[in-house]
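# Summary of structural features
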Amino acid sequence: RRWSRSSAGAGAAIGLQILLARLMGADSYGLYVIAWTWMLALGSVVSLGLADAAMRFVPRYVARGRAPQAARFFRTGVGSVTLAGLLLATAGAGILQVLPLDRPLLALVTVVAVGLPFVAFEYFLEGMARSLGWFRLTGIAIYIVRPMLIAVACLALHGAGVGLIAIDVQRIEV
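What you see is a predicted model, and the numbers here were worked out from it, not measured in a lab.

## A word on helix 2 (residues 26-46)
- Across its 21 residues, helix 2 extends 30 Å between first and last C-alpha, which sits within 8% of the 30 Å expected from 1.5 Å per residue.
- Those residues of helix 2 that fall on the buried side of the exposure criterion are Ser28, Tyr29, Tyr32, Ala35, Trp36, Met39, Gly43 and Val46. For helix 2, the angular spread of the buried residues around the axis is 130 degrees, confining them to a single face. In helix 2, the exposed residues that point more than 90 degrees away from the buried face are Ala26, Asp27, Ile34, Trp38 and Val45.
- Looking at the residues trailing helix 2, positive phi occurs at Leu48, about 60 degrees.

Here it is, written out as structure tokens:
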């Protein structure tokens, strides 16, 4: 079962990348990949390691009957990740004001900055779900459902005659 979920997730991810490359064209797809990679890398940093910490501490709290500590870890994690994401997004917005970027690239980087808190929060929630043993929830939502929803939205836009560029796809993902 686990192998089939992993395979389905990998297939969905590869299929989405092929679809996006075909719909967007080489230049726009290249910008999209760079922006998405930066968003994922920075989102991992913005989660402050709390996703991994959740997998270590929350099961211990639950096993020892310390549910209030697990709940406090969750509340603290939500607040910390949200604050870190907002601070980095604000810092990024400030930096964007002084960088001489052309308009399309500026829009793409802005979407990445806006998306950072959401990606970081997703990482944290994934760690919390894993720490509670909810592996199916994490695998299906992130690796199967998200790529399929993005693909459906991109196909709908393409079908409506909208020429997809990197900024459009980033907006869909955020």
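There is more to say, and it comes next.
## Observations concerning the packing of helix 3 (residues 50-63) against helix 4 (residues 67-98)
- Interhelical geometry of helix 3 versus helix 4 gives an angle of 165 degrees and a closest axis separation of 8 Å. Considering their axes alone, helix 3 and helix 4 lie roughly antiparallel with respect to each other. Crossing angle aside, the handedness with which helix 3 passes helix 4 is left-handed. Here helix 3 contributes Leu50, Ala53, Ala54, Phe57, Val58, Tyr61 and Val62 to the contact with helix 4, which in turn contributes Ala67, Gln69, Ala70, Phe73, Gly77, Ser80 and Val81.
- Residues that form the contact of helix 3 with helix 4 fall into these classes: 11 nonpolar, 3 polar and no charged.

Conventions we followed
- Residues numbered from 1 in each chain as written.
- Predicted model: local features only at pLDDT ≥ 70, side-chain atom pairs only at ≥ 80, totals over all residues.
- Heavy atoms only, no water.
- Helix = DSSP H or I, 4+ residues; strand = E, 2+ residues; numbered from the N terminus.
- Expected span 1.5 Å × (residues − 1).
- Buried < 20%, exposed > 50% of the residue type's maximum accessible area, 1.4 Å probe, protein only.
- Arc of directions from axis to C-beta.
- Axes fitted to C-alpha atoms, helices over the stretch in contact; angles between N-to-C directions.
- Parallel < 35°, antiparallel > 145°, perpendicular 65-115°, else oblique.
- Left-handed = near helix turned anticlockwise from the far one by under 90°.
- Contact = heavy atoms within 4.5 Å.
- Nonpolar A, V, L, I, M, F, W, Y, C, P; charged D, E, K, R; others polar.

These figures capture arrangement, not role.
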